[in-house]
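This is what each chain is made of:
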Amino acid sequence: MKKTKFILPLLLFSLFFLLNSCSLRPVSSEYTFIEKNTARDLTNLGNGKVIIYNGDYYCPVMTCGITTKLNIWIDDKPLGQINYGEFVVINLENGNHDFEVLHLDVFKIRSKQSLEINNETRIIEIKPTAFSNSVKITNTLPNGFFGYNYAPKYK
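Residues numbered from 1 in each chain as written. Predicted model: local features only at pLDDT ≥ 70, side-chain atom pairs only at ≥ 80, totals over all residues. Heavy atoms only, no water.

## As for the side chain of His97
- One can find His97 in strand S5 (residues 95-104).
- Here the side chain of His97 touches Glu93 through a polar contact of 2.6 Å, landing on its backbone oxygen. (Helix = DSSP H or I, 4+ residues; strand = E, 2+ residues; numbered from the N terminus. Polar contact = N/O pair within 3.5 Å; in protein donor to acceptor, adjacent residues only side chain to side chain.)

Below, the structure written as structure tokens:
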């Protein structure tokens, strides 16, 4: 009887450890983040100043927190990790930029896309999809954006 008393806690601990050890490690950002209050007024954006946000949906299940974290590189320079409900504001020069995005599902899913940034570019949505990642210029804020948090800068 005493053996079965310890099996359930051991299994729960093992499951918790497995899920956390498999999470996507954040990459250190080499970009300078701009003050988050800039995002509250769209007239402050453009001319190289852009919001990049994770457009994935909120998922209250523990494993969803693993699959919605995105590691992002722009032109082979790490931007960092953005989780769902998070954003950053950075300066991007006009021109073509390569976005590389990595998220973890059952296995690592990495994709690369190019975007043309110009003076009118204000908002970029990045989100994980079933077998890839989506990167697109939307220039509109998502519903509930004012509930989003500024992504931490990992060192």
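## A few points about unusual backbone geometry
- Positive phi values are uncommon outside glycine, yet Asn47 reaches one of about 55°.
- As for its position among the elements, Asn47 is in the loop between helix H1 (2-21) and strand S1 (49-54).
- Here Asn47 falls in the exposed class, since its relative accessible area comes to 61%.
- Here the phi dihedral of Asn139 falls at roughly 55°; this positive angle occurs in a residue that is not glycine.
- Here Asn139 lies in the loop between strand S8 (133-137) and strand S9 (149-150). (Buried < 20%, exposed > 50% of the residue type's maximum accessible area, 1.4 Å probe, protein only.)

## Quick notes on the nonpolar core
- With 30 residues, the main nonpolar core has Ile52, Leu79, Ile90 and Ile124 as its most contacted residues.
- Sorting the residues of this core by element identifies S1, strand S2 (70-74), strand S3 (77-82), strand S4 (86-91), S5, strand S6 (108-117) and strand S7 (123-128) as the ones contributing at least two each.
- When neighbours within four sequence positions are excluded, Leu79 is seen to be in contact with Ser29, Tyr31, Phe33, Ile52, Ile72, Trp73, Ile74, Val88 and Ile90. (Core = buried A, V, L, I, M, F, W, Y, C linked by side-chain atoms within 4.5 Å. Contact = heavy atoms within 4.5 Å.)

## Quick look at the pairing of S6
- In this structure, S5 lies alongside S6, joined through 10 bridges in antiparallel fashion. Its bridge partner lying in S6, Leu104 is registered against Lys108.
- The antiparallel pairing of S5 with S6 creates a hairpin that spans 3 residues between the two strands. (Pairing = 2+ DSSP bridges.)

## Some words on the environment of Lys127
- For Lys127, the location among the structural elements is in strand S7.
- Sequence spacing of Lys127 and Asp56 is 71 residues, and the spatial spacing of their C-alpha atoms is 5.2 Å.
- Leave out the neighbours within four places in its chain, and Lys127 touches Asn54, Gly55, Asp56, Leu70, Asn133 and Ser134.

## Looking at the sheet that holds S4
- Strands sit in the order S8-S7-S1-S4-S9 across an open sheet of 5 strands; the sheet is mixed. In this open sheet, the two edge strands, each paired with only one partner strand, are S8 and S9.
- When S7 meets S8, the two strands line up antiparallel, connected through 5 bridges. Looking at S8, one finds that Lys127 is bridged to Ser134.

## Thoughts on the pattern of salt bridges
- Tallying each qualifying case throughout the model produces 4 salt bridges.
- For Arg122, the salt bridge is made with Glu120, and the minimal N-O distance between the two is 3.6 Å. (Salt bridge = Lys/Arg side-chain N within 4 Å of Asp/Glu carboxyl O.)

## Here we look at the pairing of S2
- In terms of burial, S2 is a largely internal element, 5 of the 5 residues being buried.
- With burial as the criterion, each face of S2 is covered, one bearing Leu70, Ile72 and Ile74 and the other bearing Asn71 and Trp73.
- The pairing of S2 with S3 spans 5 bridges and is antiparallel. Along S3, the bridge assignment pairs Ile74 with Lys77.
- Remark: 2 residues form the turn of the hairpin made by S2 and S3, two consecutive strands paired antiparallel; Asp75 in that turn has positive phi of roughly 55°.
- Looking at chain direction, S2 and S5 are connected through 4 bridges and run antiparallel. Across the sheet, Asn71 pairs through a bridge with Leu102, a residue of S5.

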